[in-house]
Amino acid sequence: MIISRKKLFYFIFCAVFLLSVFTGSNMPVFSHEAELVAFLSILMLIDAVTGHKIFHFKNNKILVCLFCFQILYMLWQRCFYNMYQDKIQTFLIRHILVLPILLVSMDIKYINKILNISIEYILIIDVVYLLLWPIKGNNGSFINNYQYVAAYSSILVLIQLAKLFVDTYFPKEDVVIMLTGMLTLLMTGKRSYLIVIAVCFLVGIVFFRSKYKNSKIMKVITPLILGLLLIMVFKPDLLNSIIRFSELSTDSSLSGRTRLWDLAGYLWKTNYWNGIGYGAFSTFTSNHMGYVYSLFGVQNTYAAHNIYVQLLAETGVIGFCIFISFFVVALILTIRKLVKAKKSENNVKFIIITGLFLQLWFLIYGMSGNPLYMPGQFGLYLFAIMISNSVKINKNNMI
């Protein structure tokens, strides 16, 4: 059996995509995960150049320009910040290598395929986690880190949620997949992802409100809730996430984050306009460990667990405005496209709302996590923007 060059390329692309975005890494920034994301970006560029018809040169010039402004600002910091040049250079290289993700668009047929493959892959991760949880506890899956498992489970739920809002028929298999994702997420005890799912659910209600849609959604959500409650009756340990919400005032993980945020605020004040250098937060804490610990009670850490305060500290007001402009413009363009696509086919709306949900995942989780500094999560964010831009809506609101 002879495999065509196009199929072989797509197989390689899928493998690299899953490994880079949904495998996770405990290694420092620009580890193998970062290299895989860079390789994924280069694969997209190669296909667009050689004309294999999976990727094409179609982009939003505003977003590309804003991203290039980020690169130029980091280059300026690299040239004039002697103290943290190596760290800035690491992130500068990463930004340059992932730029092709924004330069290309993907064939809609293949977008749907990669999203379905992602669902299957994350489902395997969740099932393995659930099976090994009684033996290995919270780090039971082959990912070997419950925080990554929680992140992927939340993404699984969001993709299924996008299906729920746009599909006329939501089969029982999809209900089971969503239940599995929610169950795994609850078992990990990660609260921030539950907030993301709740926000995306409300956004979906706003865009797809109708008596029929609301009735269909309730028919799916009701058995999901009942199923989770039934499972919790037999396994009370699964109440971890709910219990942790009630412990916010005394939660050590939250108080630890607030100390990191205080440190970021302190660093911002040292260079109000330009910051200390992109990615230099971790280097500062490691170079001044005793000083940082005595003032803020913070030991060596790689990030501030809030991409917004960390951006202020590292890039100052100027860089912060450049990065936030990119986030906001990308979100607005996706929302506008979703509004225009209301009369389009379901698979088109599914792609756009999935892109919107994944962008919201990045932006909301960024308030307590570090997705901007995690190569796989940052790559997924750019991929979400790319798939949204890949859909073209004409003046009649049809694809």
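Small disclaimer: the values here were computed from a predicted structure and weren't measured.

What counts and how
Residues numbered from 1 in each chain as written. Predicted model: local features only at pLDDT ≥ 70, side-chain atom pairs only at ≥ 80, totals over all residues. Heavy atoms only, no water. Helix = DSSP H or I, 4+ residues; strand = E, 2+ residues; numbered from the N terminus. Buried < 20%, exposed > 50% of the residue type's maximum accessible area, 1.4 Å probe, protein only. Contact = heavy atoms within 4.5 Å. Expected span 1.5 Å × (residues − 1). Bend = angle between axes of the 7 residues up to and from the residue. Polar contact = N/O pair within 3.5 Å; in protein donor to acceptor, adjacent residues only side chain to side chain. pLDDT = per-residue confidence, 0-100. Patch = residues over 30% accessible without salt bridge, like charges linked within 9 Å, V, L, I, M, F, W, Y side chains within 5 Å. Areas by Shrake-Rupley, 256 points an atom, 1.4 Å probe, with all protein chains shown as cover. Salt bridge = Lys/Arg side-chain N within 4 Å of Asp/Glu carboxyl O. Lys, Arg positive; Asp, Glu negative; His and termini not counted. Charge placed at Lys NZ, Arg CZ, Asp CG, Glu CD. Phe/Tyr/Trp six-rings, centres within 6.5 Å; stacked < 30°, edge-to-face > 60°. Lys NZ or Arg CZ within 6 Å of the ring centre and 35° of its normal. Axes fitted to C-alpha atoms, helices over the stretch in contact; angles between N-to-C directions. Parallel < 35°, antiparallel > 145°, perpendicular 65-115°, else oblique. Nonpolar A, V, L, I, M, F, W, Y, C, P; charged D, E, K, R; others polar.

1. Observations regarding the overall build of the protein chain
Alright, step 1. Per the secondary structure count, the protein chain includes 17 helices and two strands.
Alright, step 2. When each of the 399 residues of the protein chain is scored for burial, the buried share is 55%.
Alright, step 3. By sequence separation, contacts in the protein chain at least 24 residues apart represent 77% of the contacts at least 6 residues apart.

2. A look at helix α6 (residues 108-136)
Alright, step 1. When the terminal C-alpha atoms of α6 are compared, their 40 Å separation across 29 residues agrees well with the 42 Å that a helix rising 1.5 Å per residue should span.
Alright, step 2. The axis of α6 is deflected most strongly, by about 35 degrees, at Leu130, and proline Pro134 appears within four residues downstream.
Alright, step 3. Capping of α6 at its N-terminal end is provided by Asp107; its side-chain oxygen lies 2.9 Å from the backbone amide nitrogen of Lys109.
Alright, step 4. Looking at the residues trailing α6, positive phi occurs at Gly137, about 75 degrees.

3. Quick word on the confidence of the model for the protein chain
Alright, step 1. Across the protein chain, pLDDT averages 82, with 78% of residues at or above 70.
Alright, step 2. Segment residues 26-30 is flagged for pLDDT under 50; beyond a separation of four residues in sequence, or across chains, it makes ten contacts in the model.

4. Observations concerning the side chain of His95
Alright, step 1. Within the secondary structure, His95 sits in helix α4 (residues 85-98).
Alright, step 2. Other than its neighbours up to four places away in sequence, His95 contacts Phe67, Gln70, Ile71, Met74, Tyr278, Phe323 and Phe378.

5. Details of a positive patch on the surface
Alright, step 1. Together, Lys6, Lys7, Lys53, Lys109 and Lys113 give the surface a local cluster of positive charge.
Alright, step 2. If you list the elements that add at least two residues to the positive patch, you get α1 (5-21) and α6.
Alright, step 3. With respect to the element layout, Lys53 can be found in the loop between α2 (32-50) and β1 (55-56).

6. Focus: a nonpolar patch on the surface
Alright, step 1. A cluster of nonpolar side chains, Leu8, Phe11, Ile12 and Phe39, forms an exposed patch at the surface whose accessible area comes to about 390 Å².
Alright, step 2. Residue contributions to the nonpolar patch peak at three residues, all from α1.
Alright, step 3. Within the secondary structure layout, Leu8 lies in helix α1.
Alright, step 4. Residue classification places Leu8 among the partly exposed positions, given a relative accessible area of 43%.

7. Quick word on the packing of aromatic side chains
Alright, step 1. Here the structure, examined in full by the defined rule, presents 29 aromatic pairs.
Alright, step 2. When the centroid spacing of 4.9 Å and the interplanar angle of 25 degrees are considered together, the rings of Trp268 and Tyr272 count as stacked.
Alright, step 3. Overall, Tyr272 belongs to the partly exposed group, its relative accessible area being 40%.
Alright, step 4. Aromatic pair Phe326 and Tyr381: ring centres 6.4 Å apart, planes at 70 degrees, arrangement edge-to-face. Remark: Tyr381 occurs in helix α17 (residues 375-390) and Phe326 occurs in helix α15 (residues 307-340); sequence separation between them is 55 residues.
Alright, step 5. On the basis of relative accessible area, Phe326 is assigned to the buried category, the value being 1%.
Alright, step 6. On the basis of relative accessibility, which here comes to 1%, the residue Tyr381 falls in the buried class.
Alright, step 7. The ring of Tyr10 has Lys113 sitting right over it, with the charged end atom 6.0 Å from the ring centre.

8. What to know about the packing of α2 against α17
Alright, step 1. Running from N to C, α2 and α17 point in directions that differ by 25 degrees, and their axes come no closer than 8 Å. Comparing the axis directions of α2 and α17 gives the class roughly parallel. Contacts between α2 and α17 involve Glu33, Ala34, Val37 and Met44 from the first element and Pro375, Gly376, Gln377, Gly379, Phe383 and Met386 from the second.
Alright, step 2. For the contact of α2 with α17, the class distribution of residues is six nonpolar, three polar and one charged.

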